Amino acid sequence: MLITLGSPPSDTETDAWHAVVTAAHVLDLPASVPEPGAAATAGRLRVPSVAGRNVHLAVAAPDGSYAGVASVLLFSGESNRHTAFLDALVVHPRARRHGVGAELWAAIRAELIADGRTSVSTVLETGGAGEAFADGLGFTQVLPLGWYVQRVPQALDEIPLPSLPEGLRYAGWSGVVPDELADTLARAHDAMDEAPRGDLDERAPRWDAERVRAVARLIEDRGGVLLTSAVLDTTDGDSVAAYTEVVLRDPSDTRALQNDTLVVRAYRGRGLGHAVKRHLLGALHASHPGVREISTTVAHDNASMLAVNEGLGYRRERPAGIFQVKL
């Protein structure tokens, strides 16, 4: 039976959803990738995104367990009202090859078309059953990626924190950006539209101070932790020259997720990408010493970030890609 989860979902619904994603995770991903925590699952289901409207669907069995789950984000920003992001479409291993995935996709597709969406994208591991299923639905890869992993203790021991050029200084914070830096951080975020996007329909959102604050609050409201390091230009009123972020979906995580890293165009060529990411390593270890690794995705054609990460000891873990289908 196909159901739409409550808003917010009940404890029973959340537990049934988590059972599906953890069972699939164990089967589909390398043993080195930590399983999602129950608190992180609950946060994602119960706290809506600031980027749009979430729809959570499940195929329920008579005993109340779920055979499969799906979640889609319908963007609300003006530049992306035509598209959406498929955050999850997961079938429990014991229910595969019984039409559960097809049932979920049919419901998601109907929701998207009814809302006037003309495309939807998702991130997939490549070379596995998920890619084969998506290929059968008409998805094509629009941006090849790789997952890369850095070992925090090793990098701290082997890579010193660089000194900065005159007029620049390090800064860092946990959670919401300090008020005096909100506007300049938003302007730096806006420069992320220069990152490789392939043929992806989704456009980079426009940022202002309130959006920067809202995204940080969302991570905290979902039970996670956001840590940011920045390089500030002190000759220009402490403007952000570079920044990088990591997220812990749960404070007890041993693997952090790298979010954006960006060097503002006027400051490129000075090693600030390497410097700001190394600074964040120290801050992360000081505040969360149990974190052993940081993982991130990098597009194949993002040569500058691949070079920065190689210098910081990242190793390639597995291939992935952004896939998209026109509706």
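Before reading further, recall that the structure is shown in the block above.
An account of the accompanying structure is given in this report. (Residues numbered from 1 in each chain as written. Predicted model: local features only at pLDDT ≥ 70, side-chain atom pairs only at ≥ 80, totals over all residues. Heavy atoms only, no water.)

Focus: the overall build of the chain
The helix and strand tally for the chain stands at 9 helices and 12 strands. Its C-alpha atoms give the chain a radius of gyration of 20 Å, near enough to 20 Å, the size a compact globule of 327 residues would have. The burial tally for the chain puts 52% of its 327 residues in the buried class. For the chain, contacts bridging at least 24 residues in sequence account for 72% of all contacts bridging at least 6. Distance between charge centres in the chain, computed from 31 positive and 41 negative side chains, equals 2 Å. (Helix = DSSP H or I, 4+ residues; strand = E, 2+ residues; numbered from the N terminus. Rg over C-alpha atoms; globule rule 2.2 N^0.38 Å. Buried < 20%, exposed > 50% of the residue type's maximum accessible area, 1.4 Å probe, protein only. Contact = heavy atoms within 4.5 Å. Lys, Arg positive; Asp, Glu negative; His and termini not counted. Charge placed at Lys NZ, Arg CZ, Asp CG, Glu CD.)

Examining the pairing of strand β12 (residues 315–326)
Direction of pairing for strand β5 (residues 119–125) relative to β12: antiparallel, over a ladder of 7 bridges. Among the inter-strand pairings, E125 is bridged to a residue of β12, identified as A320. Relative to β12, strand β6 (residues 140–151) runs antiparallel, the two being bridged by 9 bridges. In the sheet register, L145 faces β12, and the bridge partner there is A320. (Pairing = 2+ DSSP bridges.)

What to know about the pairing of strand β11 (residues 293–299)
With 6 of 7 residues buried, β11 is to be regarded as a mostly interior element. Note that β6 and β11 share 7 bridges and pair antiparallel. Across the sheet, Q150 pairs through a bridge with I294, a residue of β11. Pairing geometry for strand β10 (residues 255–263) and β11, over 3 bridges, is parallel. Looking at the pairing, A256 lines up with I294 of β11. Remark: the β10/helix α8 (residues 272–287)/β11 crossover connection has right-handed handedness. (Right-handed = clockwise from strand over helix to strand, strands pointing away.)

Section: the pattern of salt bridges
Side chains bearing opposite charge may pair, as long as their charged atoms lie close to each other. Per the stated rule, a full pass over the model turns up 19 salt bridges. The partner of R53 in a salt bridge is D115, with the nearest N and O atoms 3.5 Å apart. One end of the pair, R53, is in strand β2 (residues 52–60); the other, D115, is in the loop between α3 (100–114) and β5, and 62 residues separate them in sequence. Salt-bridge contacts for E210 lead to R213; the nearest nitrogen and oxygen are separated by 3.9 Å. Note that E210 and R213 are positioned in helix α7 (residues 209–221) at a spacing of 3 residues, about one turn of the helix. A residue is classified by how much of its surface remains accessible, and R213, at 18% relative accessible area, is buried. (Salt bridge = Lys/Arg side-chain N within 4 Å of Asp/Glu carboxyl O.)

Notes on the packing of helix α6 (residues 182–190) against α7
It is the contact of α6 with α7, at a shortest axis distance of 8 Å, that shows an interaxial angle of 90 degrees. Between α6 and α7, the angle is such that the two are roughly perpendicular. Residues A182, D183, L185, A186 and H189 of α6 pack against A209, V212 and R213 of α7. Residue classes in the contact of α6 with α7 are distributed as 5 nonpolar, 1 polar and 2 charged. (Axes fitted to C-alpha atoms, helices over the stretch in contact; angles between N-to-C directions. Parallel < 35°, antiparallel > 145°, perpendicular 65-115°, else oblique. Nonpolar A, V, L, I, M, F, W, Y, C, P; charged D, E, K, R; others polar.)

Examining the side chain of H288
For H288, the position within the fold is in the loop between α8 and β11. Assessed through its relative accessible area of 16%, H288 is described here as buried. Not counting the four nearest positions on each side in its chain, H288 is found in contact with V225, L227, L248 and P251.

So, the environment of T297
With respect to the secondary-structure elements, T297 resides in strand β11. Put simply, T297 and A195 are 102 residues apart on the chain and 12 Å apart in space, counted from C-alpha to C-alpha. If we skip the residues at most four places from it in the chain, T297 touches L145, G146 and W147.

Brief notes about the nonpolar core
Counting residues in hydrophobic clusters, the biggest one holds 23 residues, and the most contacted among them are V72, I108, V120 and F139. Counting residues per element, the ones that place at least two in this core are β2, β3 (66–75), β4 (84–91), α3, β5 and β12. Of the residues forming this core, the biggest block, 6 residues, is contributed by α3. Core analysis: the second largest hydrophobic core is formed by 20 residues, L227, V291, V298 and Y314 among them. (Core = buried A, V, L, I, M, F, W, Y, C linked by side-chain atoms within 4.5 Å.)

So, α7
The end-to-end C-alpha separation of α7 is 18 Å, in line with the 18 Å expected for 13 residues at 1.5 Å each. Within α7 the residues assigned to the buried category are A209, V212, R213, A216, L218 and I219. If you follow the buried residues of α7, they end up packed against α6, β8 (225–233) and β9 (239–248). Looking one or two residues past α7, G223 carries a phi angle of roughly 95 degrees, positive in sign. (Expected span 1.5 Å × (residues − 1).)

Some details on the packing of α8 against helix α9 (residues 303–311)
Interaxial distance between α8 and α9 falls to 9 Å at its minimum, and their mutual angle equals 50 degrees. In this view, α8 runs oblique relative to α9, as classed from their interaxial angle. As α8 runs across α9, the sense of the crossing is right-handed. Between α8, through G273, H274 and K277, and α9, the contact on the second element is made entirely by M305, V308, N309 and G311. Among the residues forming the contact of α8 with α9, the class breakdown is 2 nonpolar, 4 polar and 1 charged. (Left-handed = near helix turned anticlockwise from the far one by under 90°.)

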